Amino acid sequence: MTGALQSRPVGIVGGGVAGLTAALALRRRGADVTVLERAPVIAEVGAGLQLSPNAMRVLDALGLGAAIDAMSLPGRGVRLRDPSGAEVVRLDLARHYPEARFRLIHRARLIEVLVQAARMAGVRIELGREVESPPDGPLLIGADGLHSRIRMALNGREVPFFTGQSAWRAVIADDDQTPEAHVFMGPGRHLVSYPLAGGLRNIVAVLETRDWQDEDWSRPDDPANLRAAFADFRGPVPDWLARVGECHVWGLFRHEVAHRWQDGRIAILGDAAHPTLPFMAQGACMAVEDAWTLAACLDTGPDQGTALARYESLRRPRTARIVAAANDNARNYHLTGPKRLLAHTALRLGGRVAPGAILSRFDWIYDFDPVAETP
Ligand SMILES: Cc1cc2nc3c(=O)[nH]c(=O)nc-3n(C[C@H](O)[C@H](O)[C@H](O)COP(=O)(O)OP(=O)(O)OC[C@H]3O[C@@H](n4cnc5c(N)ncnc54)[C@H](O)[C@@H]3O)c2cc1C
């Protein structure tokens, strides 16, 4: 720490994972931070998050490790399965990344941990503050998510396109807390599920469809629609879906990574800068990485323009690569016909012959250490 941020006023628009992590990271380096959040109360949508080691390194460095451990489960593996429930391959995270920490957590619990730590550190969080355009101030951070006003102020209006996929999400009560994720891959559809601490289970189910859906996360749907779309999936799926009491549905849209991330006074991070499809489970993890790097860059000295340009140049290539990987994964999960047979056979064989090789393809994501890479 250089002291360059000592008592510098910083405004942050948005109190989600990106805004709160940035608030804490900046405050820990001495900044005087105010978060403006439009929600009148901090009440997070019910959904799970997989936190991978690249993000956990930051959260641990911010001193949140024990609080997160108390509210989450370890993620030890991922089981790729076909719709009959048969296993295609099991990816052993605990074995391939023995030192690293994967955690499965309810989003609301992560937000709770971040809010509490930020407030204790002296961050002001002002609720019910909807921001229409970037407020005045020497340094303003836009962490206002998918439909970011701050991104629009920097980049103008941009139009995302519908991917032809809709997703449901639901959380059910479940005693099975075996700490691994399941991905059931069917033609044109897949379903992901993993346990969350506290006897809960997260379910996300994605369907290729021509029906246009809203991009809004908070649209309730009749669970019967979810059950009907996955009626031929077997294994534990029918039992899980029978227990869905409420669910939400939304459309998956592809967005460009923002062309312009900063202008010397304003900077964006998280979904405001690089919304991603959920197929690499990296949206929140990238937001956490951004937050650390942004604070570290601003801490290198008093020249804010240089610091923000450095932040952008460090973050853009990596986030663009992860967003592209998530786009590719959407295709891989939903293969049909001979391509699907070929891919699943290759995965089965790969799992037997060189199980580590499948996971090694993701080393560049999970082995990355934003804390060690601090400028
Ligand atoms: C189904 C699904 C599963 C996912 N699973 C994972 C996963 O396993 N792992 C992972 O890492 N990521 C996952 N993600 C992605 C992750 O949820 C997002 O990338 C992450 O939440 C982005 O955080 P953020 O803070 O940038 O945006 P948000 O969480 O959207 O927060 C933005 C905040 O800004 C506030 N705001 C917005 N506009 C204004 C305004 N004008 N004025 C004031 N406040 C405003 C909002 O109220 C909100 O609190 C998943 C996403 C989906 C859809």
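Here the structure is shown first, and the text comes after it.
So, here is what we can say about the structure in this document. Computed from a predicted model, the values in this text were never measured in an experiment.

Rules behind the numbers
Residues numbered from 1 in each chain as written. Predicted model: local features only at pLDDT ≥ 70, side-chain atom pairs only at ≥ 80, totals over all residues. Heavy atoms only, no water. Helix = DSSP H or I, 4+ residues; strand = E, 2+ residues; numbered from the N terminus. Buried < 20%, exposed > 50% of the residue type's maximum accessible area, 1.4 Å probe, protein only. Contact = heavy atoms within 4.5 Å. Areas by Shrake-Rupley, 256 points an atom, 1.4 Å probe, with all protein chains shown as cover. Lys, Arg positive; Asp, Glu negative; His and termini not counted. Charge placed at Lys NZ, Arg CZ, Asp CG, Glu CD. Pairing = 2+ DSSP bridges. Axes fitted to C-alpha atoms, helices over the stretch in contact; angles between N-to-C directions. Core = buried A, V, L, I, M, F, W, Y, C linked by side-chain atoms within 4.5 Å. Polar contact = N/O pair within 3.5 Å; in protein donor to acceptor, adjacent residues only side chain to side chain. Parallel < 35°, antiparallel > 145°, perpendicular 65-115°, else oblique. Left-handed = near helix turned anticlockwise from the far one by under 90°. Nonpolar A, V, L, I, M, F, W, Y, C, P; charged D, E, K, R; others polar. Expected span 1.5 Å × (residues − 1).

1. A word on the overall build of the protein
A count of helices and strands for the protein gives 13 helices and 16 strands. Residues classed as buried in the protein amount to 53% of the 375 residues present. Relative to all contacts within the protein whose residues are 6 or more apart in sequence, the contacts with residues 24 or more apart total 78%. Here the protein has roughly 15900 Å² of accessible surface; of this, 53% comes from carbon and sulfur atoms. Averaging the positions of the 43 positive and the 43 negative side-chain charges in the protein gives two centres separated by 3 Å.

2. Re the sheet that holds strand S9 (residues 140-142)
Strand order in the open sheet formed by 5 strands is S8-S2-S1-S9-S16, with parallel pairing between adjacent strands. Lying at the two open borders of the sheet, with one neighbouring strand each, are strand S8 (124-126) and strand S16 (266-268). Between one strand and the next, the sheet's axes are offset by a mean angle of 20°, whatever the strand orientation. One ladder, built from 3 bridges, connects S9 with S16; its direction is parallel. From the neighbouring strand, Ile 141 faces S16, where its bridge partner is Ala 267.

3. Details of the nonpolar core
Formed by 94 residues in total, the largest nonpolar core has its most connected members in Ile 12, Leu 26, Leu 64, Ile 68, Leu 80 and Leu 269. The dominant element in this core, judged by the number of residues it contributes, is helix H9 (residues 283-298), at 12 residues. The residues contacting Ile 68, other than those within four sequence positions of it, are Leu 51, Met 56, Leu 59, Arg 103, Ile 105, Leu 110 and Val 113. Core analysis: the next-biggest nonpolar cluster, separate from the first, contains 18 residues, Phe 184, Ile 203, Ala 229 and Val 237 among them.

4. A word on the side chain of Arg 318
Along the chain, the position of Arg 318 falls in helix H10 (residues 304-333). Relative accessible area serves as the criterion here: at 10%, Arg 318 is assigned to the buried category. A polar contact of 2.9 Å, which involves the side chain of Arg 318, links it to the backbone oxygen of Ile 365. Look past the residues within four positions of Arg 318 in its chain and what remains in contact with it is Asn 54, Glu 289, Trp 364, Ile 365 and Phe 368.

5. Topic: the side chain of Glu 289
By the secondary structure assignment, Glu 289 is in helix H9. Relative accessible area serves as the criterion here: at 0%, Glu 289 is assigned to the buried category. Within the structure, the side chain of Glu 289 is placed 2.7 Å from the side chain of Asn 54, a separation counted as a polar contact. When residues no more than four places from it in sequence are discounted, the contact partners of Glu 289 are Asn 54, Val 58, Arg 315, Arg 318, Phe 368 and Pro 370.

6. Notes on the sheet that holds strand S4 (residues 72-74)
As summarised here, the arrangement of the 3 strands in space is S3-S7-S4, forming an open sheet in which the pairing is antiparallel. Across the chains shown, the open sheet's two edge strands, defined by having one partner strand only, are strand S3 (48-51) and S4. Between one strand and the next, the sheet's axes are offset by a mean angle of 25°, whatever the strand orientation. The sheet contact formed by S3 and strand S7 (residues 103-106) spans 4 bridges and is antiparallel. Bridge pairing in S7 links Gln 50 to Leu 104.

7. Regarding the packing of helix H2 (residues 53-61) against H9
Here H2 crosses H9 at 45°, and the two axes come no closer than 8 Å. With respect to their mutual orientation, H2 and H9 come out oblique. Relative to H9, H2 is oriented so that their crossing is left-handed. On H9, the residues touching Asn 54, Ala 55, Val 58, Leu 59 and Ala 61 of H2 are Cys 285, Val 288, Glu 289 and Trp 292. Taken together, the residues that form the contact of H2 with H9 break down as 7 nonpolar, 1 polar and 1 charged.

8. Focus on helix H5 (residues 107-121)
The first and last C-alpha atoms of H5 sit 21 Å apart over 15 residues, in line with the 21 Å expected at 1.5 Å per residue. Turning to H5, its buried residues number three or more, namely Arg 107, Ala 108, Leu 110, Ile 111, Val 113, Leu 114, Val 115, Ala 117 and Ala 118.

9. A closer look at the pairing of S7
On S7, burial covers both faces: Arg 103 and Ile 105 on one face and Leu 104 and His 106 on the other are all buried. Across 3 bridges, the pairing between S4 and S7 is antiparallel. Bridge pairing in S7 links Leu 73 to Leu 104.

10. What about the packing of helix H1 (residues 17-28) against H9?
Direction vectors running N to C along H1 and H9 enclose 30°, while the axes themselves pass 8 Å from each other. In this view, H1 runs roughly parallel relative to H9, as classed from their interaxial angle. Like other packed secondary-structure pairs, H1 and H9 cross with a definite hand, here right-handed. Between H1, through Val 17, Ala 18, Thr 21, Ala 22, Ala 25 and Leu 26, and H9, the contact on the second element is made entirely by Ala 284, Ala 287, Val 288, Ala 291, Ala 295 and Leu 298. For the contact of H1 with H9, the residue count by class is 11 nonpolar, 1 polar and no charged.

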